[in-house]
Amino acid sequence: MFTFNPSGKLTEISDNIFDFDKYSSFDPTFVSRYLIQASIIDAYKKHAKTKRPSVLDVGGAGSLLDAFSDAKLHIIDIQPIDYPNKNYTVGNALNMPFKDKQFDVVISCDVLEHIKKDDRKQFIKECTRVSRGLVIISAPFNLTGVRLAEISANNFYKSLTGDDHIWLKEHLQDELPELYQTKRIFTDLGFGAGYFTHTSLDYWQLLTRLSFLMAPKYSKHNLADNIQIINKFYLDKIMPKDFSDTGYRSFIIAAKDNIHIDKTPDRLDADLENTFSLLTEIIVDLL
């Protein structure tokens, strides 16, 4: 059985390898999804007794995984780009040009929701086909409040720019994947699957708005430096414990082995939560 404690492992890996200053200008929800993937892979290394697992990142153009993990990373994406990593394949995730069980771990970060509804089963089937160990799928799923949070974030973006946000618009036009239906697909393929959620909806909405305000257009407001301080605060103090039943992004871990997710995270300090919420709301209210 593969047992994983999201909060404990994320705290360990972020304390050991993470440079908060280096990533303070990034959207923290983007950074955290790769830190979480790295923490799962690190735990799996010990479970499988392998020093450097091979990992395929499906739809992973722009992946940060290699910054947080020493795994042998290969990326497949439909977009041809000038990528410094030679282990990059341009290809279709619904029919990947890889052998069965070619990789120890297959991951996908915020891709499933952009796959057409009728193709999602084939996408998952391909991910399981080329994995000999774990499959880790992270995405926003159609859980309570997620769609409303995305509508609110898109409206905020539109109030700033006059246009819909390209990715949020796509999410809202197409149906977000259903969590339990996705788990059922893994079960039907003979995989055990567990899940947890990260980034509470309140924090996701605040952080997403701040990421919109990082655009050069707002430099006259001197927001960038202040937002970076808030991003660093979140990544350092909040992110390792930001697990909630009403989180924005869910992580499904699937394997031929049984999966057990220890959903008993350390509790966030109330004063830290209040301080972070106050800081972010002040910045948003400036406009």
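Not measured: the values here are computed from a predicted model.

Criteria and thresholds
- Residues numbered from 1 in each chain as written.
- Predicted model: local features only at pLDDT ≥ 70, side-chain atom pairs only at ≥ 80, totals over all residues.
- Heavy atoms only, no water.
- Pairing = 2+ DSSP bridges.
- Helix = DSSP H or I, 4+ residues; strand = E, 2+ residues; numbered from the N terminus.
- Axes fitted to C-alpha atoms, helices over the stretch in contact; angles between N-to-C directions.
- Buried < 20%, exposed > 50% of the residue type's maximum accessible area, 1.4 Å probe, protein only.
- 1 Å grid on protein atoms, 1.4 Å probe; cavity = no way out; pocket = protein on both sides within 12 Å on 5 of 7 lines; lining within 4 Å.
- Points joined across faces, edges and corners; volume = space filled by probe spheres on them.
- Nonpolar A, V, L, I, M, F, W, Y, C, P; charged D, E, K, R; others polar.
- Phe/Tyr/Trp six-rings, centres within 6.5 Å; stacked < 30°, edge-to-face > 60°.
- Contact = heavy atoms within 4.5 Å.
- Salt bridge = Lys/Arg side-chain N within 4 Å of Asp/Glu carboxyl O.

**Q** Describe the sheet that holds strand 6 (residues 131-140), with residues and values.
**A** Taking strand neighbours across the sheet as the criterion, the seven strands line up as 4-3-2-5-6-8-7 in an open arrangement whose pairing is mixed. Looking at strand neighbours, the two that pair on one side only are strand 4 (88-90) and strand 7 (192-200), the edges of this open sheet. In this sheet, neighbouring strand axes are inclined to one another by 20° on average, regardless of whether the strands run parallel or antiparallel. Bridging between strand 3 (residues 72-77) and strand 4 involves three bridges; their strand directions are parallel. Paired with I75 across the strands is Y88, a residue of strand 4.

**Q** Describe in detail the pairing of strand 7, supporting the description with residues and values.
**A** Strand 7 sits mainly inside the fold: seven of its nine residues count as buried. The pairing of strand 7 with strand 8 (residues 247-255) spans eight bridges and is classified as antiparallel. Looking across to strand 8, one finds that S200 is bridged to G247.

**Q** Before we move on, could you go through the layout of surface pockets and cite the residues and values that matter?
**A** Taken as a whole, the largest pocket spans an internal volume of roughly 1,000 Å³. Lining the largest pocket are 35 residues, and of these R33, C109, D110, H114 and W167 sit closest to its centre. Within the residue set of the lining of the largest pocket, elements represented by two or more residues are helix 2 (28-48), strand 3, helix 6 (166-173), helix 8 (201-212) and strand 8. If one sorts the elements of the lining of the largest pocket by residue count, helix 6 sits on top with five residues. Class assignment for the residues of the lining of the largest pocket results in 18 nonpolar, ten polar and seven charged.

**Q** How would you sum up the packing of aromatic side chains? Please name residues and give values.
**A** This model, assessed by the stated rule, comprises 13 aromatic pairs. Residues W204 and Y248 carry aromatic rings whose centres are separated by 4.0 Å and whose planes lie at 10° to one another, so their mutual orientation is stacked. Of the two residues, W204 sits in helix 8 while Y248 sits in strand 8, which places them 44 residues apart along the sequence. The class for Y248 is buried, based on a relative accessible area of 3%.

**Q** So what about helix 4 (residues 120-129)? Which residues, and what values?
**A** Among the residues making up helix 4, those that are buried are R120, F123, I124, E126, C127 and T128. Looking at the buried positions of helix 4, the neighbouring elements they touch are strand 2 (54-58), strand 5 (103-109), strand 6 and helix 7 (179-188).

**Q** An account of the pattern of salt bridges is needed here, citing residue identities and associated values.
**A** Taken as a whole and judged by the stated rule, the model has twelve salt bridges. With its nearest N and O atoms 2.7 Å apart, the salt bridge here joins E126 to R129. Taken as a pair, E126 and R129 lie in helix 4 at a separation of three residues, close to a single helical turn. Judged by its relative accessible area of 6%, E126 falls in the buried class. Residue classification places R129 among the partly exposed positions, given a relative accessible area of 23%. Several salt bridges share partner residues, and in doing so they unite R33, D110 and R249 into one network.

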